[in-house]
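Residue-level listing of the chains:
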Amino acid sequence: MLGRDRDAVSETLNRIDDARPGQREKALELLAALERAAPFPGPPRVGLTGAPGAGKSSLLDAIVRALRARGETLGIVAVDPSSRRTGGALLGDRIRVRSGASDPGVFFRSMAARERLGGVADATRAGVSVLAAAFDWVFVETVGVGQSETDVATLVDTLVYVAQPGAGDLLQFMKAGILEVPDIFVVNKADLGASAARTAGELEAGLGLSSRDGASTWTPPILLVSARDGTAISELVEMLRAHRRHLESSGELEARRARGTEAFVVEALERRYGSYGTAQLGGAPGIACRVREAQGGSAFALVLRLGQEIEDSLRKPAP
Ligand SMILES: Nc1nc2c(ncn2[C@@H]2O[C@H](COP(=O)(O)OP(=O)(O)O)[C@@H](O)[C@H]2O)c(=O)[nH]1
Ligand SMILES: [Mg+2]
């Protein structure tokens, strides 16, 4: 894996996807070892979210071409909302993103959103960690339903929201809570003209009113692009780089990864052991505290270790 061998990447992804009993610990150990071996901060992790049909796959395809033209490599995880959409549409997505199918510099893997509808499965986080060890960039494409913006936000460093012209008025954006989380807003299909410009204007007005994290000095830009015509794709890629530079120079990158680790560990333990189990460690606050104590330790190692502690304490007879 660390030699960036493609076959090793596939093999690792298969192993972490192995649902047979007993394989879970091995998978977590493998992931923890990978995270330990890959120095911080690693490649940029970018999420694309937005309603189905907004053009996320098409944009990714355009980004792939722009980055490949400069010799940069990419790993892509697509969260497959298998229960929500037809196989045909998904296949179309895959083929488009795989336009570089024979190119060893692009790796594409789709993962089922098993745990929650439209949400980001555990496997996605694992997939991101694996790809981060082997490629210059990692992208996550997901569907924008319900909580998925905030879910993906804990997995990636840069969240891009892809809006569709005429997709809704300002009120809808605000109601959906879309404006609070993303780092970059993209209005795709700029080739449609006035309606794209109008949507960008609505987003801008909404951003002025939203209650975003006041601690960050980053002002989320709104870009008008066209995946179809290639308009402003290079500006988008430049913006991704600019956001990464901002995260690194401000120290926000470390803070953000730490928050992501905390959210992941708490959620993974709650899902596996329930509230009675996690109460053994003081519930979510207790677990969060333990994660902070571990200071940048692997999220997977923490799930394994704290899970073991929960199991041990559940086995002890009550005093
Ligand atoms: N006019 C226009 N259509 C686009 C553009 N980008 C994507 N589309 C079309 O929008 C539809 C949905 O695109 P897709 O990339 O699958 O969206 P996703 O569901 O967000 O991944 C497809 O029919 C695309 O051909 C664009 O820049 N302009
Ligand atoms: Mg898609």
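Structure: see above.
Engineer: Whenever I open this one, the overall build of the protein confuses me. Can you help?
Structural biologist: Within the protein, the secondary structure is distributed over twelve helices and seven strands. Counting the 319 residues in the protein, one finds 49% classified as buried. Total accessible area on the protein stands at roughly 14,700 Å², and carbon and sulfur atoms take up 52% of it.

Engineer: How should I be thinking about the packing of aromatic side chains in this particular structure?
Structural biologist: Any two aromatic rings considered together are summarised by their centre-to-centre distance and by the angle between their planes. According to the stated counting rule, one finds four aromatic pairs in the structure shown. Between F264 and F300, the ring centres sit 5.5 Å apart and the planes meet at 70°, which makes this aromatic pair edge-to-face. Of this pair, F264 sits in helix α10 (residues 252-279) while F300 is found in helix α12 (residues 299-315), placing the two residues 36 residues apart along the sequence. Like F300, F264 is buried. Over the aromatic face of F264 sits the side chain of R125, whose NZ or CZ is 4.8 Å from the ring centroid.

Engineer: Please explain the nonpolar core as it appears in this structure.
Structural biologist: The biggest cluster of nonpolar side chains holds 45 residues, and the ones touching the most others in it are V9, L13, V130, L131, V265, L269 and I287. A per-element tally of this core places α12 first, with seven residues. When we break this core down by domain, the ones giving at least three residues each are domain 1 (40-250) and domain 2 (255-315). If we ignore the near neighbours within four places in the chain, the residues touching L13 are F107, R109, M111, G127, V130 and L131. Among the nonpolar cores identified, the runner-up in size contains 29 residues, and V46, F108, V237 and L240 belong to it.

Engineer: Is there a simple way to explain unusual backbone geometry in this structure?
Structural biologist: In terms of backbone geometry, most residues other than glycine have negative phi values and most peptide bonds are trans. In the segment running from F40 into P41, the intervening peptide bond is cis, with an omega of 5°. Topologically, P41 is positioned in the loop between α2 (23-37) and β1 (45-49). Residue K189 is not a glycine yet carries a positive backbone phi of 65°. Following the sequence through the fold, K189 ends up in the loop between β6 (184-187) and α8 (194-209). Look at K189 and you get partly exposed, because its relative accessible area is 24%. You will see that A232, though not glycine, has its phi angle at about 60°, which is positive. Here A232 lies in the loop between β7 (222-224) and α9 (233-250). Of the residues examined, A232 reaches a relative accessible area of 18% and is grouped as buried.

Engineer: Teacher, can you tell me more about the pairing of β1 here?
Structural biologist: For a regular strand, the rule is simple: side chains alternate between the two faces of the sheet. Counting buried positions over the five residues of β1 gives five, a clear majority of the element. Neither face of β1 is open: one carries R45, G47 and T49, the other V46 and L48, and all of them are buried. Direction of pairing for β1 relative to strand β4 (residues 137-141): parallel, over a ladder of four bridges. Across the sheet, V46 pairs through a bridge with F139, a residue of β4. As paired elements, β1 and strand β5 (residues 158-163) share four bridges and run parallel to each other. Counted as the bridge partner of L48 is V160 from β5.

Engineer: It is not clear to me how helix α3 (residues 56-68) should be interpreted in this structure. Could you clarify?
Structural biologist: Along an α-helix, a turn takes 3.6 residues, which lines up residues three or four apart on a common side. Over its 13 residues, α3 extends 18 Å from the first C-alpha to the last, a length consistent with the 18 Å expected when each residue adds 1.5 Å. Buried residues of α3: K56, S57, L59, L60, D61, A62, I63, V64 and L67, and no others.

Engineer: Mind showing me how you'd approach the environment of R256 here?
Structural biologist: You can see R256 is positioned in helix α10. For R256, a relative accessible area of 12% translates into the label buried. A distance of 3.2 Å separates a polar side-chain atom of R256 from the backbone oxygen of D157.

Engineer: How should I be thinking about the environment of K189 in this particular structure?
Structural biologist: With 134 residues separating them along the chain, K189 and G55 place their C-alpha atoms 7.8 Å apart. Dropping the residues within four chain positions of it, K189 is found in contact with G53, A54, Q164, P165, A196, V225 and S226. Polar contacts involving the side chain of K189 include one to the side chain of Q164, which spans 2.8 Å.

Cut-offs applied
- Residues numbered from 1 in each chain as written.
- Chains lettered and ligands numbered in written order.
- Predicted model: local features only at pLDDT ≥ 70, side-chain atom pairs only at ≥ 80, totals over all residues.
- Heavy atoms only, no water.
- Helix = DSSP H or I, 4+ residues; strand = E, 2+ residues; numbered from the N terminus.
- Buried < 20%, exposed > 50% of the residue type's maximum accessible area, 1.4 Å probe, protein only.
- Areas by Shrake-Rupley, 256 points an atom, 1.4 Å probe, with all protein chains shown as cover.
- Phe/Tyr/Trp six-rings, centres within 6.5 Å; stacked < 30°, edge-to-face > 60°.
- Lys NZ or Arg CZ within 6 Å of the ring centre and 35° of its normal.
- Core = buried A, V, L, I, M, F, W, Y, C linked by side-chain atoms within 4.5 Å.
- Domains from an automatic or database assignment.
- Contact = heavy atoms within 4.5 Å.
- Pairing = 2+ DSSP bridges.
- Expected span 1.5 Å × (residues − 1).
- Polar contact = N/O pair within 3.5 Å; in protein donor to acceptor, adjacent residues only side chain to side chain.

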